[in-house]
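Coordinate inspection notes
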Amino acid sequence: EYSDQKQMLGHPQGLFYLFFAELWERFSFYGMRALLTLYMVNVIFEALAERDFATAAVYASYGSLVYASTVIGGKISDQILGMRNSIFLGGILMAIGHFVLAVENDIAFFLALSLIIVGNGFFKPNISTFVGTLYEKGDPKKDSGFTIFYMGINIGGWVAPLLCGWLAAKYGWHYGFGLAGIGMLTGLIVFWRGIKRNVFGARGLPPNEQVMNKKILGIKQGILVPVLAVISAPLIALLLASYKSIATDGIFGGQNIVNVIFQGIGIAVLAYLAYEMYRATLEERKKLFVAVLITVFMTIFWGFHELSGSVITLFAARNIDLEGIMSAAQTNSLNSMWIIILAIPISMMWTWLSKKNSNPRTPYKFGLGLLFAGISFYVLAISGASANANGLVPFAYLLLMYFLLSIGELFMSPVGLSKITDLSPKRIVAFMMGVWFLSSAFAFQIVGFIGKQLAIESTDKNVGGFDTLAIYTDGFMLIAKYALAAGLIVLVASPFIKK
Ligand code: GLN
């Protein structure tokens, strides 16, 4: 089953089709993300004094839903559609979403985000699992296959903000969004060619044709799923558009419907995990506990890391001296640039340390990853002291900040992904992968909370300089302290977690 595959550079040929398909999908995802916050502040919510608050709220809802949808997309793929159909369905919905964004209209805006949310739910989990199916269980090549795949993700994430940001600045927002849509279509064409050339063998087909043809309410499931997916988009759009807070104070103070929904999901997930732990054997229970801890640490890390598309983009626009270097949207490429530079050296470092029998255990790597995140925000926090007469700080601070944050990411994200599958009892491994993706979803609730705290209220469209500098740097200092404290706690606790 595995020897049927033609090899290329020592890997199954299929890897390179998935690599380019995901590269283009992430091109569209991050090209759009680089423009999203600035587009909301400058266009959608332009007329509001509290436009930063509204932007932070919608950004958080979008981010949470775009990652939570992967849980449902993964499940439907396992049971009905299979990976190939899911990837096509997801890719087409995402492409339509990007093209709808190119229409300048508020309703189109929320509908477009919803299409991307539903599309990503079908695309993202399935293209990642597809990579895994190319390798035999325990194949040592699998890890390097995933490293290559992670590079593809970040090549998309590096180039897209540069190009879409440039188009948006020179010709208008909608050209930037349009290019993202073209990127997504390119990804689908690559994937389709892979199928035509038969590089995937029988992988990724629906579990069986009966399931696809099974009728519910007289409609075949294989047709019902895409129909429901499309119908769900306007409903999600309604959720996104309900960004206003339910109450000004009390337990729901400053929170909107999506915030409350995610608190409900959080409680449900914890209750379900408690039930699983109760059912598990002692051995399983310990492993499950560590898997939960890893997910919690990851949520904290992404909660700070994912500020890059929101608060840090606004900080770049308002308080970094970008003159002659790049636009604020384009600064979104810096994280991916560093990942491309650092991914291979860091994975070589782990291999080298393993040979010397001193590869740090996962909890230590996680503690160090959080410390790197803390130091990275500390760098931004102290940048204020170097501000020029206009309240703008040198670009070098941002470059250094992303360098440190990206090291932290490489200490955690790839390591955690492989650990979570080892640690979960077999019967709930898919569910635990869902919980892993939910860590990104919950992280966006943190992003939203911080974004609202650091929202600048102003009627001045060009607000920035010394009016905003200290608000941001004080916020970054607080984030740095929280991240450093979390990192220290993990390091101190790691001997116990290791056991
Ligand atoms: N940058 C990675 C990707 O796009 C991980 C992002 C995340 O999980 N929050 O795949």
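This one's a predicted model, so the numbers in the text were calculated from it and none came from an experiment. (Residues numbered from 1 in each chain as written. Predicted model: local features only at pLDDT ≥ 70, side-chain atom pairs only at ≥ 80, totals over all residues.)

A few words now on the overall build of the protein. Counting secondary structure elements, the protein contains 15 helices and six strands. Principal axes of the C-alpha set define a box for the protein whose edges measure 65 × 55 × 50 Å. Counting the 499 residues in the protein, one finds 50% classified as buried. Counted over contacts in the protein with a minimum sequence separation of 6, partners at least 24 positions apart contribute 80%. (Helix = DSSP H or I, 4+ residues; strand = E, 2+ residues; numbered from the N terminus. Buried ≥ 20, exposed ≤ 12 C-beta atoms within 10 Å, placed from the backbone. Contact = placed C-beta atoms within 7 Å.)

As a further point, take the packing of helix α12 (residues 362-382) against helix α15 (residues 469-498). Axis separation between α12 and α15 bottoms out at 7 Å; the angle between their running directions is 165°. When the interaxial angle is binned, α12 and α15 end up roughly antiparallel. As α12 runs across α15, the sense of the crossing is left-handed. Within the contact of α12 with α15, the residues separate by chemical class into 20 nonpolar, five polar and one charged. (Axes fitted to C-alpha atoms, helices over the stretch in contact; angles between N-to-C directions. Parallel < 35°, antiparallel > 145°, perpendicular 65-115°, else oblique. Left-handed = near helix turned anticlockwise from the far one by under 90°. Nonpolar A, V, L, I, M, F, W, Y, C, P; charged D, E, K, R; others polar.)

Turning to the confidence of the model for the protein, a few remarks are in order. Chain-level pLDDT for the protein is 92 on average; 100% of the residues reach the 70-or-more range. In the predicted complex, the global pTM is 0.94; the interface-specific ipTM is 0.95. (pLDDT = per-residue confidence, 0-100.)

This brings us to the packing of helix α1 (residues 13-44) against helix α3 (residues 106-133). Helix packing for two helices is described by the angle between their axes and how far apart those axes are. With their axes 11 Å apart at the nearest point, α1 and α3 run at an angle of 155° to one another. In terms of orientation, α1 lies roughly antiparallel with respect to α3. Remark: the crossing between α1 and α3 carries left-handed chirality. Along the contact surface, α1 presents L15, L18, A21, E22, E25 and I44, while α3 presents D106, F109, F123, I127, F130 and V131. Here the residues of the contact of α1 with α3 sort into nine nonpolar, no polar and three charged.

Turning next to the UniProt feature "domain: Major facilitator superfamily (MFS) profile" (unreviewed entry) in the protein. Taking the UniProt record as the reference, the feature "domain: Major facilitator superfamily (MFS) profile" (unreviewed entry) is found at residues 14-498. Span residues 14-498 is 77% helix and 2% strand, its end C-alpha atoms 37 Å apart. (UniProt positions renumbered as here; feature names shortened; annotations may be inferred.)

This paragraph deals with unusual backbone geometry. In this model, L9 sits at a positive phi of 50°, which is unusual for a non-glycine residue. Even without being glycine, N198 reaches a positive phi, approximately 60°. Along the chain, N198 turns up in the loop between α5 (173-196) and α6 (209-213).

Turning our attention to α5. Between the first and last C-alpha of α5 there are 35 Å, a value that for 24 residues agrees with the 34 Å anticipated at 1.5 Å per step. Among the residues making up α5, those that are buried are W173, G176, F177, L179, A180, G181, G183, M184, G187, L188 and F191. Lining the buried residues of α5 we find α1, α2 (51-101) and α4 (141-171). (Expected span 1.5 Å × (residues − 1).)

Moving on, we get to the nonpolar core. Nonpolar side chains in soluble globular proteins generally cluster together in the buried interior. Residues L18, L35, L115, F301, L370 and F377 are the most contacted members of the largest nonpolar core, which totals 155 residues. Top contributing element to this core by residue count: α2, with 24 residues. If sequence neighbours within four positions are ignored, L18 has contacts with I127, F130, V131 and F149. (Core = buried A, V, L, I, M, F, W, Y, C linked by C-beta atoms within 7 Å.)

We now examine α12. For α12, spanning 21 residues, the distance from its first C-alpha to its last is 30 Å, which sits close to the expected 30 Å at 1.5 Å a residue. Burial analysis of α12 places 16 of its 21 residues in the buried class, the great majority of the element.

A few words now on the environment of I195. In this fold, I195 is placed in helix α5. Residues I195 and P495, spaced 300 residues apart in sequence, show a C-alpha to C-alpha distance of 48 Å. Not counting the four nearest positions on each side in its chain, I195 is found in contact with R84 and F200.

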